[in-house]
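Understanding the architecture of this molecule
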Amino acid sequence: MHSNSELVTHPDSPLSPPKSSDFRFPKSSRLLTPKDYAQVFADAEKFANRHWTLIVRANHLDYPRLGLAIAKKQLPRAVWRNRIKRIAREAFRLHKKELCGYDIVVLSRKGMQEIDSFALQKSFLHLVRKIRNSRLKSAPGRKERL
RNA sequence: AAAGUGGGUCGGACAACCGCGGAGGUUUUAGCCUCGGAGGAAAGUCCGGGCACCGCAGAGCAGGAUGCCAGCUAACCGCUGGGCGGCGUGAGCCGACGGCCAGUGCAGCAGAGAGUAAACCGCCGAUGUUCGUUUAGGCGAGCAGGUAAGGGUGAAAGGGUGCGGUAAGAGCGCACCGCGGAUCUGGUAACAGAGACGGCAUGGUAAACCCCAUCCGGUGCAAGACCAAAUAGGGAAACAUAGUCGCUGCUUGCAGCGGCGCUCUGCUGCUCGUAGAGGUUUCCGGGUAGGUCGCUUGAGUGAAGCAGUGAUGCUUUUUCCAGAUGAAUGGUUGUCACUCCUUUGGAGUACAGAACCCGGCUUAUAGACCCACUUUUCUU
């Protein structure tokens, strides 16, 4: 729970410059094909709060993977969608360590474009903590199905 | 100085750290280094073109688009210049701006009547006729009828004003204005000016059908071209099988044919009989997932000169400026700039995000700046 204490000590600046080395975000840590997405949606847990909805599934890899499903219906402007995607990516990138072994798909909410970036960041990290504490990847039932 | 008109430019800057997509280099295939990475509208997808595939002898019909004239352009519903009409003191702005004497249609209410006009009130009743009256001439009343000058209705009453004329009136006649207009002049043209003559004709509506002139094949980069795993299926070849016996050929241990026999399936459950199939490997073509190309050097950008009122064209020169594909172009911090507020501080910096590429149009846009011009006021 070392990373948890880090979160608590810097509640005002969740995006402060990271100290450890690996915060990169290569293609291997993204969901790239429709098949990847379908797999996550087929058998997954839902984590949600006021701003975000995250679909999470254990992937049994050493690293996490992120997918973005930002619907045009909910955020009609391209600028809005880009902004939400970038916030999600940035939050994911800076907290990869805590999400190891999970595939995550981020869903959008109507009216999201009104909330400022700082609030969205904090809200995302709240869900990150919930996922990490859930111990979903060690659940036996799901392992068998893979 | 204020108010305004038209056009143009920019649309936060710099640094550090953490990241993302592309190209090149290096190379220990995972890094490292270098270079560059959103817009004026990238938007709406409303027009036009390139490009790609499909269709197509030629022509016509249908359907659609455009619509004062000339020019520019690859093309256009675009742009430039000009004309006409309207608005504004003005700089300027706005205009689907061809044709309803080819045809068909439409028009509420009011009103007597609304498109081959119409007689409600009014005026007249010369002419014709009836009656009355009078010696007679004549006079009076009525009717037939005449009349669009006046009243009234209406957005609009079938040119306006005046004089003549008349029973009363009337383009019935005349003058001026308006309208049409042979012809002449200027202009490439739209159109403008003059105008013999005509005689009141020709009301409105074509974002009503329609007519006339010009133009238009369809679908869009998920176009389209290429490479192509695995699985199933198709075709071909080689090797093998459970064997054994016989025959034939010769290169003498192989090949072919036939019988018996093995496994499975069908023909009736079984037997017999009979028919069909047999395992492995390789190759070929079609083709799915997936991948590559199309994909950014182009009607390109900047500068100068020349031609043109201008849109634009030509010549020389300069430069390479995003190419993603579950989709990059970002985040944090600091300094500065500008704006606002509740002023030791805080907040904000528009509209908005490439998806094959260009030329336009339309719409959105905090704020800042520049140029030209107009009107008003003040000072000299």
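Structural data are supplied above this passage.
Attention in this report is confined to the structure presented alongside it. (Residues numbered from 1 in each chain as written. Chains lettered and ligands numbered in written order. Predicted model: local features only at pLDDT ≥ 70, side-chain atom pairs only at ≥ 80, totals over all residues. Heavy atoms only, no water.)

1. A look at the pattern of salt bridges
Put simply, the test is: Basic side-chain nitrogens of Lys or Arg form a salt bridge, by our definition, when they fall within 4 Å of a carboxyl oxygen of Asp or Glu. Helix and strand definitions follow DSSP, with helices as H or I runs of at least four residues and strands as E runs of at least two, each counted in order from the N terminus.
One pass over the structure, following the stated rule, counts three salt bridges. Of the charged contacts in the structure, one is a salt bridge between E90 and R93, with a shortest N-O distance of 2.5 Å. Of this pair, E90 and R93 both sit in helix α3 (residues 78-94), three residues apart, roughly one helical turn.

2. Details of the side chain of R81
Quick reminder of the rule: Contacts were defined at the residue level, with two residues in contact if any of their heavy atoms lie within 4.5 Å.
Within the secondary structure, R81 sits in helix α3. Sequence-distant contacts of R81, that is, excluding residues within four places in its chain, are made with I70, A71, K72, L75 and P76.

3. Some thoughts on the nonpolar core
Applicable threshold: Take the buried residues of types Ala, Val, Leu, Ile, Met, Phe, Trp, Tyr and Cys, join any two whose side-chain atoms come within 4.5 Å, and each joined set is a nonpolar core. Using a 1.4 Å probe on the protein chains alone, a residue whose accessible area is under 20% of its type maximum counts as buried, one over 50% counts as exposed, and one in between counts as partly exposed.
Of all hydrophobic cores here, the largest spans 25 residues; its most connected members are W52, L54, I104, V106, F124 and I131. Listing elements by their share of this core, those giving two or more residues are β2 (53-58), β3 (65-69), α3, β4 (102-107) and α4 (117-134). Excluding anything up to four places from it in sequence, W52 contacts F47, I84, I87, A88, V106, L107, R109, M112, L120, S123, F124 and L127. With five residues, the next largest nonpolar core counts L31, V40, I55 and V105 among its residues.

4. Comments concerning the packing of aromatic side chains
Let me state the cut-off plainly: Any pair of Phe, Tyr and Trp rings, taking the six-membered ring for Trp, is counted once the centres come within 6.5 Å. Such a pair is stacked with planes under 30 degrees apart, edge-to-face with planes over 60 apart, and tilted for the rest. Only when the NZ atom of a Lys or the CZ atom of an Arg is both within 6 Å of the ring centre and within 35 degrees of the ring normal do we say a charge sits over the ring.
Inspection of the entire model under this criterion finds two aromatic pairs. Residues F25 and F92 carry aromatic rings whose centres are separated by 5.7 Å and whose planes lie at 70° to one another, so their mutual orientation is edge-to-face. Here the residue F25 occupies a position in the loop between α1 (2-9) and α2 (34-42), and F92 occupies one in helix α3, the gap between them amounting to 67 residues. Aromatic side chains W52 and F124 sit 5.2 Å apart centroid to centroid with 85° between the ring planes, which places their arrangement in the edge-to-face category. On the criterion of sequence distance, the pair formed by W52 in the loop between β1 (45-48) and β2 and F124 in helix α4 is long-range, its members being 72 residues apart. Residues W52 and F124 agree in their burial class; the two are buried. Here the guanidinium or amino end of R77 rests over the ring plane of W80, the centre of that ring lying 5.9 Å away.

5. Brief notes about α4
Short version of the rule: One less than the number of residues in a helix, times 1.5 Å, gives the span that helix is expected to have.
Spanning 18 residues, α4 covers 26 Å between terminal C-alpha atoms, matching the ideal 26 Å at 1.5 Å per step. For α4, the set of buried residues is L120, Q121, S123, F124, L125, L127, V128, I131 and R132.

6. Describing the protein's contact with RNA strand B
Cut-off, in case you're wondering: Here a residue is near a molecule or strand as soon as one of its heavy atoms is found within 4 Å of it. Polar contact is defined as a pair of N or O atoms within 3.5 Å, subject to the rule that within protein one atom must be able to donate a hydrogen and the other to accept it, and that residues adjacent in sequence are counted only when both atoms are side-chain atoms. The nonpolar class holds Ala, Val, Leu, Ile, Met, Phe, Trp, Tyr, Cys and Pro. Asp, Glu, Lys and Arg form the charged class, and all remaining residues, Gly among them, are polar.
Close to RNA strand B lie 25 residues, the nearest being K27, R30, L31, N82 and R93. Near the protein, within 4 Å, the atoms of RNA strand B are sugar or phosphate in 72% of cases. At 3.5 Å, a backbone N or O of V79 approaches a phosphate oxygen of RNA strand B. Within the residue set of the surface near RNA strand B, elements represented by two or more residues are α2, β3 and α3. Within the surface near RNA strand B, the residues separate by chemical class into 13 nonpolar, three polar and nine charged.

7. Let's talk about the sheet that holds β1
Strand pairing within a sheet occurs via backbone hydrogen bonds; the two strands may be parallel or antiparallel. Using the following cut-off: Only when DSSP finds a minimum of two bridges between them are two strands counted as paired. All axes are obtained by fitting lines to C-alpha atoms, using only the stretch in contact for helices, and the reported angles, taken between N-to-C directions, cover 0 to 180 degrees.
Here we have four strands laid out as an open sheet, ordered β1-β2-β4-β3, and mixed in their pairing. One side of each edge strand has no neighbouring strand; the edge strands of this open sheet are β1 and β3. Averaged over all pairs of adjacent strands, the angle between strand axes in this sheet comes to 25°, irrespective of strand direction. Direction of pairing for β3 relative to β4: parallel, over a ladder of five bridges. Pairing of L66 across the sheet is with I104, part of β4. Of the strands in this sheet, β1, β2 and β4 touch α4, which is tilted by about 145° from β1.

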